[in-house]
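Listed below, chain by chain, are the residues.
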Amino acid sequence: MLGISPSMALRFEVLARHNRARASRLTLPHYEALTPLFMPVGTQGTIKGLTNDQLEDLDCQIILGNTYHLALRPGADLLDTIGGLHKFMNWPRALLTDSGGFQMVSLLHLADITEEGVTFQSPVDGKPMLLTPEDSIQIQNKIGADIIMALDDVVKTTTTGPRVEEAMYRTLRWIDRCIAAHSRPHEQNLFGIVQGGLDPQLRDICLEGLVARNLPGYAIGGLAGGEGKDAFWRVVAQCTAGLPEDKPRYVMGIGFPLDIVVCTALGADMYDCVYPTRTARFGSALVSEGVLRLTHAAMATDYRPLDSSCTCMVCKRYTRAYLHTLVTKEAMGSQLVSYHNISHMMQLSRNLHSSILEGRFPEFVQSFLQKQFPKGDVPDWVCNAMDVAGIDISMCRIPQSA
Amino acid sequence: MEFTVRACSGHGRVGSLRLASGLEFETPSLLMITRRGLPVVIPPEMLMDLHPDSRACQFTPMHFLEDPLAAVVAKAGGVHKLASLTGFAMVAVARDSLGNEIAGEEASNLGASFETSSGRRIVGLEKYMEVVNACKPDLWVSLPDEVPHWVPEKRNRESVDHTSQWLDHCLSLQHAEHGNRCLGVVVGAGSLEERARSAEQAATRNVAGFSLAGFGLGEDVAQRGFHLEVAIAKLPNDKLRHVCGLGSPEEVLQAVGAGIDLLDSTYPYMLTKECLAMTFPLKMEVPLRNADRDMQPTPDHGVASGFSLAKVNLRSATYGGGRIDETPLVTGCKCYTCKRHTKVYINQLLNSNETLAQTLLEIHNTYHYLEFFKAIRESIKADKFHEFRTWFTSQRQELGVLSLGNIPRVVSCN
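Just so we're clear, the structure is a prediction, and the values are computed from it rather than from any experiment. (Residues numbered from 1 in each chain as written. Chains lettered and ligands numbered in written order. Predicted model: local features only at pLDDT ≥ 70, side-chain atom pairs only at ≥ 80, totals over all residues. Heavy atoms only, no water.)

Chemist: Report on the sheet that holds strand E14 (residues 240–243) of chain B, specifying residues and quantitative values.
Modeler: All names here are of chain B. With respect to topology, eight strands assemble into an open sheet ordered E4-E15-E14-E13-E12-E11-E8-E7, the strand pairing being parallel. Whereas interior strands pair on both sides, the edge strands pair on one side only; in this sheet they are strand E4 (29–31) and strand E7 (56–59). Strand after strand, the sheet turns through a mean of 25° between neighbouring axes, direction not considered. The pairing of E7 with strand E8 (residues 89–92) spans four bridges and is parallel. (Pairing = 2+ DSSP bridges. Helix = DSSP H or I, 4+ residues; strand = E, 2+ residues; numbered from the N terminus. Axes fitted to C-alpha atoms, helices over the stretch in contact; angles between N-to-C directions.)

Chemist: Outline the UniProt feature "binding site: Zn(2+)" (unreviewed entry) in chain B, supporting the account with residue identities and numerical values.
Modeler: Residues and elements named next belong to chain B. Here the UniProt-annotated "binding site: Zn(2+)" (unreviewed entry) positions come out as Cys333, Cys335, Cys338 and His364. Despite a sequence span of 32 residues, these residues sit close together in the fold, their greatest C-alpha distance being 8.5 Å. Inspection of the secondary structure puts Cys335 in the loop between helix H9 (314–319) and helix H10 (336–340). Ignoring sequence-local partners within four residues, the contact set of Cys335 consists of His364 and Tyr367. (UniProt positions renumbered as here; feature names shortened; annotations may be inferred. Contact = heavy atoms within 4.5 Å.)

Chemist: Outline the UniProt feature "binding site: Zn(2+)" (unreviewed entry) in chain A, listing residues and values.
Modeler: All names here are of chain A. Per the UniProt record, the feature "binding site: Zn(2+)" (unreviewed entry) sits at Cys310, Cys312, Cys315 and His340. These annotated residues cover 31 residues of sequence, and their C-alpha atoms all fall within 8.5 Å of one another, placing them together at a single site. Structurally, Cys315 is set in helix H12 (residues 313–317). Relative accessible area serves as the criterion here: at 8%, Cys315 is assigned to the buried category. If near-sequence neighbours (up to four positions away) are discounted, Cys315 is found in contact with Pro305, Leu306, Asp307, Cys310 and His340. Structurally, His340 can be placed in helix H14 (residues 331–357). On the accessibility criterion, His340 (0% relative accessible area) is buried. The contacts of His340, once residues within four sequence positions are left out, are Ala285, Leu286, Val287, Leu306, Asp307, Cys310, Cys312, Val314 and Cys315. (Buried < 20%, exposed > 50% of the residue type's maximum accessible area, 1.4 Å probe, protein only.)

Chemist: Pulling in residues and values, what's your account of the packing of aromatic side chains?
Modeler: One pass over the structure, following the stated rule, counts 18 aromatic pairs over all chains. With a centroid separation of 5.7 Å and 45° between ring planes, the pair formed by B:Phe388 and B:Trp391 is classed as tilted. Taken together, the residues B:Phe388 and B:Trp391, both in helix H13 (residues 385–398) and three residues apart, mark about one turn of the helix. On the accessibility criterion, B:Trp391 (16% relative accessible area) is buried. Aromatic ring contacts, followed pair by pair, group B:Tyr267, B:Phe280, B:Tyr369, B:Phe372, B:Phe373, B:Phe388, B:Trp391 and B:Phe392 into a single cluster. Its guanidinium or amino end placed over the ring of A:Phe232, A:Lys229 lies 5.2 Å from that ring's centre, counting from NZ or CZ. (Phe/Tyr/Trp six-rings, centres within 6.5 Å; stacked < 30°, edge-to-face > 60°. Lys NZ or Arg CZ within 6 Å of the ring centre and 35° of its normal.)

Chemist: Run through the packing of helix H5 (residues 192–203) of chain B against helix H6 (residues 221–233) of chain B, naming residues and quoting values.
Modeler: Residues and elements named next belong to chain B. Packing of H5 against H6 leaves a shortest axis separation of 8 Å and a crossing angle of 35°. Relative to H6, H5 is oriented so that their crossing is right-handed. Mapping the contact onto sequence places Leu192, Arg195, Ala196 and Ala199 in H5 and Phe226, His227, Val230 and Ala231 in H6. A class-by-class count of the residues in the contact of H5 with H6 yields six nonpolar, one polar and one charged. (Left-handed = near helix turned anticlockwise from the far one by under 90°. Nonpolar A, V, L, I, M, F, W, Y, C, P; charged D, E, K, R; others polar.)

Structure (structure tokens):
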């Protein structure tokens, strides 16, 4: 029986377009966000060492929490008693929780998926446990995030064969169970996740099924797992074309700036990834030209800021040379680089939104690609994607003069 | 630089210190800890607003000995600019309080042994002053030959001689345009005579003040008291006195009582590392309550000293019908952490090994300690320092705070 989702606790207004790309206002229960936007991943109620004030200074609009970790500690019931994760963290803006399924499959020993749900060994006492779509939604209802994710049957993109099809159909069956279990449809937005691997036909079936459920928003899942870039962009392009215009589109697990720019050109609005903070811990800073490895010996005598176009606290105060001496020796080193990397992603989000809004999106994309590929060696997959997106990047394929 | 004594209570005094940079603050004052110029876990941009008195930091030149940092700080034009801490007092203290113990090893005539980023090595005078001059601190300690109290007499005498010679040498190498910013070191470890001799020698030099060394190395508390007294008796009243190595509340009170004006302390950070929050009362007038062992919410002042957050068993608190503690670390505390977050949240962060826990705890602990120093100053101004000190130490004893070595270990709550 087809569940029709009455869950609608958001308003999505497309403010401007350039071909497929859109700049929009996403009004959520806790915050009015502007898209495209990047969501930093908070795992257990915090973004790696950054305070709420810092996150607000950085303009983070929506933060992602991991249901699996939160259910383990401090537990859904505690969060429920306190009044939800917002109150627990004292975070005044928006939150999104994932379903918990992905973490289990990737983190846990002997995790397995059946029609009932995800079976796994409890990390506490090793006993067999089961996370059903109902469980996932109930836990997320207690956590109280503005956007909650359906439990999907996610397979690695490198998987082939009948498992992919099985997972796609199961995802559709599970969305109905998620819709039925959702007890707070007017306060929390249940997003469905499009699966189907790299198979266009499977993706189509999944798209049709999810769109028919009339959900408040949709995610494109099952990517960012080792598939080739060519396959990746094609799936995104197909899905954005098949999803409703007037609802937000979230590509899960995407964090490389280049990928975000391409997906935005193809019509996506929201992204999340651990990449910016994770790479900071290894001493890598995100800059306009790409990735700056601060541990590199050359950094020891480089007295420039991380990124000359960045206005964050770190770039205003500290040089590459100083950060080089800090990163491997003081916790403060990777803390500062994390701060900058989040700032970089927020600036990218703002640039995407404002350039589309102000009718200069192609110029932004061109400038972005020229900085990342000064030798003109823009990868083919990007060129093909921009073709489909209708953005001329021919000038980016010529080497920039010195 | 100007230092003026404004009020006295016994040997304790409140002073106003005005640095060449124009920065002014009241002493006795806490110097916050930095590493390579930056706070250990507190976001640097939050330091200015952490507390009205959060303006003074310690740093150790030993972190800046080698390239690339030696070159980087010189190129930046000093440690203030390097770490973007203009508007702060940066005081160079040779001893790295967070680093290894001083072992009283052999020193050569050229320098003493210190832990650096490339291991333990002798740091010579020229190198030390090169780094000090490149850092451009507001105040700096001369190169000490610091030894613990248990070294043989001969070694102790040698340390006094070295320290005095090195003070002169450092003074000859200081940059004239930076003015008189030197805190001459006084050593003497296990011998009161040597201590007096060291102080006498330092007292005759043209310095901005003095730094008493050789403390916090396992010495007996009463002996420490005599050493402080003997040294300070030989020092001019109108110059600054700093001590390194003493940082716990009891040590601070002892030092202030003897006439010390500046202390760098790792006490807040030591608590943070142990997942403890500083909660001891700061006001004499409030009646002492029993230790807050079961986390009953209490009005601001009567909470147990440094209860352990890490040991709160949240599971029993939630599923056993116990209450979840949504109060701040210290009710009424105006620090960033207490205005925004609850014990249960910080506990969650600690249990999840999130670094934000350390950040939030350190902000609170530093704030609370700065409030402690403020309470000390108020008691001196009211000529009630002795009462304050007696009240404080007795209520700590009553709550079962034991003093092991130089950092009190707090009896935990469950």
